[in-house]
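# Report on the structure
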Amino acid sequence: MTDRRARGLLPTTRTSVAPRTDGYDAFLSYSRDSDGEFAPDFHAQLLAFDKRDDVRDLRIFLDRTGLANNPSLWGSIKRKLENSDYLILLASEGAASSHFVAEEVAWWLEHREPETLLVALTSGRIVWDRSAHAIDKISTTALPAPLAERIDREPKWTDLTRLRQRRRFWRRHPDRATALAELVAPLRGPDVSTEDILSAHIARQGSANLVSRLTITALGVMLAVSVAASGYALREASRANEAVNANAAHLLGATSHVVHQDDPAVAQLLAVEAVERLRDGQTRTALFNAVTANEPADPYLLRTVDVPEETGLADVAPTGTGIVGRTDRGDLVRWNPDDGEPEVLRGDRTPFGTVTGSGRAGPFVAGSADGTVVAAVDDLGVTVGRFGPLPEGSTSRQTHLDLPGATAVTITPEGDTLLIAWHDATTGRNRIGSINLAGRDLAVLESDAGSRRPDEQRLAFRSKVETELAVTSLAVGSSRTLAVADTTADTLEVRSLDTLELTHAGTVELPDGAVPSPSLNDWATLRTDEDGTTVTVHHWADGSVRSADCPVPRVWSDPEVVAMDDETTRALIATDRGLVACEIARDADLRRTWHLSGVRRTGPPVLVGTDRVAAASDGRIALWSTADTHGDVPLPGSAGAAAAAGPASDGDSGEPGADEDPAGPTAVLATYRDESTGPASTAASWSDGTVTIHGRGTVTLPADSPDAGRPLLPVWLDRESLLLVTPEGDAYRTDGSTAAGYEAGFRDLVAPGLDGGDPACATVVSAQRTRDDILLVDACSGLHLLDAGLQERAVHVPGPLGSTPRLEPGWTAPGRVAIAADGSEVAVAPRDFALRVADLDAAARGETDVWTVRGSSVAQVHMIGGTDGAALPDQLVTLGLDSAVRLRPVTGSAGPEALDLAGTYGDVLAVLPGPNLVARNRGPALAFFDIETGQKMGELATSLYSPGGEVAAGDVHAADGQLLVVQDHGVTTGWTFSDDQMIARACAMAGRAPTPADMPEGVTLAHNPACSP
């Protein structure tokens, strides 16, 4: 396994003085201004953490007086430093500016090995500039100058910022044990790892619990003998087993956190094992971090792998199981994502020659269906190699066939035949030849007939023919055929695989500039204009043509179609900002788009199988998944136009849906999932009147509809039917990608609230689906409750504040209406009035006194709980006018509890009821906080869509186990946060099953691991 010892910030060097071992294990250096209260508490935690009978207690020096109060103490402090083995620096803004901390650090760097300096960050930032390979001294605010100037590699430190409650140590935080173990491990010796300390700590806790349990069990047995209550002893024994299981789960979760940076796959496997054994806050946090800490963040990016020995891939091609590639050094590469890491065959020639003479570059590499036989072409010929076991009688794994002018190559799916196209510069002829690979040693592909013979005559071709085409692509098809294409002339011909003779008279004309599928049966072209981007698929065999919209974000430039799969279900478009995978299935009603932006500077991209995308760049391979029903909902055209025009000026105003909206439209999102594990239906309704249903396209209202171009509130009736509600309460029901007027408008259904009430209130501002009903909220907080079938007359409950409108639609003021998952309560935060909660069950029974005041005026309200399996009771998460986040029960008299969310963040954007997290805006990232503890759990990098320069609460939507994020390139639906969904994603990202070697010491692998195939 990866070495999991805590590592210092600096490289190892020889120093003048060896550390003492008869004094202190460590010297704790800190700023009294920043950590005067924190340091003593943390010091006590370090001393108490690793208490074992077979090891001595730690000795850690803490200066409680301080040089600032008595500078004459420096001589005494220096002696303490001399008698210490390690220096633990509590890095903070105060430490960075402290003269005395700088003096302690400078002495240490002069007299000790740099690896003996351990850094624990308590506040501020440590920023590494990867382009300059140096500390960013402007952005770094927590390191004293002597340390910042010495760092010459990307630093590592123990992060304590999440473990502080105000100025003291957060003893109940799930990361506490890991953080302490990271610092204690090096103090115990060079051969002690963080895992060792964690294992001992967990085992000690387990032993203490077990002793207590066994004592109780023994008493229970005695009691059973006396009173025949043996069941008591059995129950206590069961509880002891549960305690041992809990300890193992917590150790797995803590170890997952420790190893994630060095070995993400192991971290994901351990997190899954932890959650499968025990689902609590600590193990769920480990799982959440293992899934979301993928860097760079992309919900579709499964993983990236390094090509061994830093071989840079020049070309890649798909196989039936993965990809094959060639490097510019003459090596061949094979990677099957489900079988492990990439394999490399070192070449006997370096480097590859360039490929010239064709109007289009590549592909110049091909492989058999399983990738075990690979061939790559260059100007000097073809390199052929074999992975895996060699055929009987073979002795060579790789050889180069000298054939100048080679232009294309392919291999039969079985790997038994090599086909080459080349141009003979001497005669000016284009040729195609086949070589039988079955049972042959690669080393004897070239004969010894003599160097005077032409290159092509020295090769043992089984068949060889001439062609009029300057071949750029070859592909083996069904019925023993070979497709031969010349993309410069846009022509194709079909030949017999056995004889290489033509099987079709003449050539086939191809569309100009088309890109082929691997079989060359279908060709894709791209058209980009003001209306968007369209991919057209041309099937040459029957002349059929299919087109599909492929929304490329307007902030992404230079779109170019680069690949298409053989099922003709996906096209791949490359842009300057990332890749766009578009579904072009024969089902015209199904349309999905994936924006793959997780890896920059992508190299040759390919489509793998039916649900994967791979791209190579800088010696790495990235793998994305386009499986299930995930994909992105495109932004409306007006969003791109607004982005191109720039942010709105301060004087801009106007209601949502107005003809001119220079700030760009905002969205109201809706989801529906009829089963917890089934796919979710997603809809985005924009303030410019555009409505898009995920996978089905844009909703088109009837041409004579007076509501065309007006914002409509989306609410799902069932998986297939979306209801669009107008501000007046009229409604449309969708049918596929179109909408037809609903016969009975909402005016008949909610007449007591809208038609018969005060006209000032008669505007619907929110429409949401509960478990069994549909709830409309008007501008005066009035409630209109309908059943999902829209058959019964609506129940109307007037708002509690009279007839003065206090609510605006979600496009303008998001976050002011929240509904419990089970539909039992609704919370409303009227502008300038106290927060209120209504009992919807009571409203459904016809009661009118359903409102309860639940606090003061707030800017946002979110609700969590309300489900049978919820970890927390029904609670409200509010964002106050003072920007403070508070937690309060939905019912009862208990007051609010402020969540201590360390740091400066923007609005509460969403509340995630699965792992019980609050998502807040942090510019280029979402920051997630645990609702129970208030502690920061992690971040998720995003490019949030911000019309007018401001991110709104409506830009993030959490419901039905999904996190919908409105980003610059569209509404991303790929993030999921229910336990089962995160477990499935973690297993896919790991790419393999766990092994006993992955388990930390003291934990055995389960008989049926969760990530087993």
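Residues numbered from 1 in each chain as written. Predicted model: local features only at pLDDT ≥ 70, side-chain atom pairs only at ≥ 80, totals over all residues. Heavy atoms only, no water.

Of the regular secondary structure elements, the protein chain holds 16 helices and 65 strands. Out of the 1013 residues in the protein chain, the part that is buried amounts to 54%. Taking the contacts inside the protein chain whose residues are at least 6 apart along the sequence as the reference set, 56% of them involve residues at least 24 apart. (Helix = DSSP H or I, 4+ residues; strand = E, 2+ residues; numbered from the N terminus. Buried < 20%, exposed > 50% of the residue type's maximum accessible area, 1.4 Å probe, protein only. Contact = heavy atoms within 4.5 Å.)

A few words on unusual backbone geometry. For Leu-500, which is not a glycine, the phi torsion comes out positive at approximately 65°. With respect to the helices and strands, Leu-500 occurs in the loop between strand S25 (491-496) and strand S26 (508-509). Leu-500 gets classed as buried once you look at its relative accessible area, which sits at 0%. Although it is not a glycine, Ser-781 sits at a positive phi angle of roughly 70°. Take Ser-781: it is sitting in the loop between strand S48 (773-778) and strand S49 (783-787). Judged by its relative accessible area of 1%, Ser-781 is buried.

Before going further, it helps to spend a moment on the side chain of Thr-481. Summarising the element assignment, Thr-481 is placed in strand S24 (residues 481-486). Residues in contact with Thr-481, not counting those within four places in the same chain, are Ala-475, Val-476, Val-494, Arg-495 and Leu-497.

Attention now moves to the sheet that holds strand S31 (residues 560-564). The strand order S31-S32-S33-S34 describes an open sheet built from four strands, whose pairing is antiparallel. Every interior strand has two partners, whereas the edge strands, S31 and strand S34 (593-596), have only one. On average, adjacent strands in this sheet sit at an angle of 25° to one another, irrespective of strand direction. Across four bridges, the pairing between S31 and strand S32 (residues 570-574) is antiparallel. Bridge pairing in S32 links Val-561 to Ile-573. (Pairing = 2+ DSSP bridges. Axes fitted to C-alpha atoms, helices over the stretch in contact; angles between N-to-C directions.)

Take the pattern of salt bridges next. Enumeration according to the criterion identifies 23 salt bridges in this entry. The residue Arg-431 makes a salt bridge to Asp-424 at a minimum N-O spacing of 3.2 Å. You can call Arg-431 buried: its relative accessible area is 10%. Looking at Asp-424, the relative accessible area reads 16%, which means it is buried. Linking Arg-431 and Glu-466 is a salt bridge whose minimum nitrogen-to-oxygen distance equals 3.6 Å. Note that Arg-431 is positioned in strand S21 (residues 429-436) and Glu-466 in strand S22 (residues 463-467), a separation of 35 residues in sequence. (Salt bridge = Lys/Arg side-chain N within 4 Å of Asp/Glu carboxyl O.)

To continue, consider the environment of Glu-93. Secondary-structure assignment places Glu-93 in helix H4 (residues 93-97). Separated by 60 residues in sequence, Glu-93 and Asp-33 have C-alpha atoms that sit 9.2 Å apart.

By definition, a disulfide links the sulfur atoms of two cysteine residues through a covalent bond. Summed over all chains, the structure comprises three disulfides. Covalently, Cys-550 is tied to Cys-582 through a disulfide, its sulfur atoms 1.5 Å apart. Measuring handedness by torsion sign, the sulfur bridge of Cys-550 and Cys-582 sits at about 60° and is right-handed. One end of the pair, Cys-550, is in the loop between strand S30 (544-549) and S31; the other, Cys-582, is in strand S33 (residues 579-583), with 32 residues separating them in the sequence. For Cys-550, a relative accessible area of 0% gives the class buried. For Cys-582, a relative accessible area of 0% translates into the label buried. In this model Cys-761 forms its disulfide with Cys-780; the gap between the sulfur atoms is 2.0 Å. The chirality of the disulfide connecting Cys-761 with Cys-780 is left-handed, given an S-S dihedral of about -90°. (Disulfide = S-S within 2.5 Å.)

The next thing to look at is the packing of aromatic side chains. Scanning the entire structure with this criterion turns up seven aromatic pairs. Residues Phe-288 and Phe-928 carry aromatic rings whose centres are separated by 5.1 Å and whose planes lie at 70° to one another, so their mutual orientation is edge-to-face. Linking Phe-288 in helix H11 (residues 281-292) with Phe-928 in strand S61 (residues 925-930), this pair joins segments that are 640 residues apart in sequence. Taken together, a centroid distance of 6.0 Å and an interplanar angle of 85° make the contact between Trp-686 and Tyr-945 edge-to-face. Residue Trp-686 is located in strand S40 (residues 681-686), and its partner Tyr-945 is located in the loop between strand S62 (936-941) and strand S63 (956-959); the two are separated by 259 residues in the primary sequence. (Phe/Tyr/Trp six-rings, centres within 6.5 Å; stacked < 30°, edge-to-face > 60°.)

Within the secondary structure, Lys-80 is located in helix H3 (residues 74-82). Along the chain, Lys-80 and Tyr-24 lie 56 residues apart, while their C-alpha atoms are 7.7 Å from each other. Not counting chain neighbours up to four residues away, the residues in contact with Lys-80 comprise Tyr-24, Phe-27 and Phe-61.

Ranked by internal contacts, the top residues of the largest apolar core, which has 47 residues, are Leu-287, Ile-323, Leu-912, Phe-928, Val-956 and Leu-963. Considering every element that reaches this core, the biggest residue donor is helix H16 (residues 979-990), with six residues. Apart from the residues within four sequence positions on either side, Val-956 is in contact with Leu-909, Ala-910, Leu-926, Leu-944, Leu-963, Leu-964 and Val-965. Of all hydrophobic cores here, the second largest spans 42 residues; its members include Tyr-30, Ala-39, Phe-49 and Ile-60. (Core = buried A, V, L, I, M, F, W, Y, C linked by side-chain atoms within 4.5 Å.)

The next thing to look at is the pairing of strand S65 (residues 970-976). Most of S65 sits inside the fold, with seven of its seven residues counted as buried. One ladder, built from two bridges, connects strand S38 (residues 632-633) with S65; its direction is antiparallel. Within S65, the residue paired with Asp-632 across the bridge is Thr-972. Two elements, strand S64 (residues 962-967) and S65, share five bridges in a ladder whose sense is antiparallel. Along S65, the bridge assignment pairs Gln-967 with Gly-970. Where S64 hands over to S65, the hairpin turn is made up of two residues, counted between the paired strands.

For the rest of this paragraph, the subject is the environment of Trp-128. Summarising the element assignment, Trp-128 is placed in strand S5 (residues 128-129). Look at Trp-128 and you get buried, because its relative accessible area is 15%. Between the C-alpha atoms of Trp-128 and Arg-153, which are 25 residues apart in sequence, the distance is 8.5 Å.

Between helix H10 (residues 264-277) and H16, whose axes approach to 8 Å, the crossing angle comes to 150°. As judged from the angle between their axes, H10 and H16 are roughly antiparallel. When the axes of H10 and H16 are compared, the crossing they make is left-handed. Contacts between H10 and H16 pair Ala-265, Gln-268, Leu-269, Val-272, Val-275 and Glu-276 from the former with Ile-983, Ala-986, Cys-987, Met-989 and Ala-990 from the latter. (Parallel < 35°, antiparallel > 145°, perpendicular 65-115°, else oblique. Left-handed = near helix turned anticlockwise from the far one by under 90°.)

Along its twelve residues, helix H2 (residues 38-49) runs 16 Å from first to last C-alpha, staying within 8% of the 16 Å computed at 1.5 Å per residue. Listing the buried residues of H2 in full gives Phe-38, Ala-39, Asp-41, Phe-42, His-43, Gln-45, Leu-46 and Phe-49. (Expected span 1.5 Å × (residues − 1).)

Along the chain, Ser-368 falls in the loop between strand S15 (365-367) and strand S16 (373-378). Of the polar contacts made by the side chain of Ser-368, one reaches the side chain of Asp-370; its length is 2.8 Å. Setting aside residues up to four positions removed in sequence, Ser-368 forms contacts with Thr-319, Val-373, Ile-411, Thr-412, Pro-413, Glu-414 and Gly-415. (Polar contact = N/O pair within 3.5 Å; in protein donor to acceptor, adjacent residues only side chain to side chain.)

Here we come to H16. Taking 1.5 Å per residue, twelve residues should reach 16 Å; H16 reaches 16 Å between its end C-alpha atoms and fits that length. Burial analysis of H16 places nine of its twelve residues in the buried class, which makes it a mostly covered element. Turning to H16, its buried residues number three or more, namely Asp-979, Gln-981, Met-982, Ile-983, Arg-985, Ala-986, Cys-987, Met-989 and Ala-990. Elements in contact with the buried residues of H16: H10, H11, strand S10 (301-306) and S65. One or two positions beyond H16, positive phi appears at Gly-991, with a value near 75°.

At a closest axis distance of 10 Å, the pairing of H2 and helix H7 (residues 176-187) adopts a crossing angle of 80°. Taken together, the axes of H2 and H7 are roughly perpendicular relative to one another. Between H2 and H7, the residues in contact are Phe-42, Gln-45, Leu-46 and Phe-49 and Arg-176, Ala-177, Leu-180, Ala-181, Leu-183 and Val-184, respectively. A per-class count over the contact of H2 with H7 returns eight nonpolar, one polar and one charged. (Nonpolar A, V, L, I, M, F, W, Y, C, P; charged D, E, K, R; others polar.)

For the rest of this paragraph, the subject is the sheet that holds strand S52 (residues 825-828). A sheet is described by the order of its strands in space; here four strands give the open sequence S51-S52-S53-S54, paired in antiparallel fashion. The sheet is open, and its two borders are formed by strand S51 (817-819) and strand S54 (851-853), each paired with just one other strand. Along the sheet, successive strands turn relative to each other by an average axial angle of 20°, direction set aside. Of the pairings in the sheet, the one linking S51 to S52 comprises three bridges and is antiparallel in character. Paired with Ile-819 across the strands is Val-826, a residue of S52.

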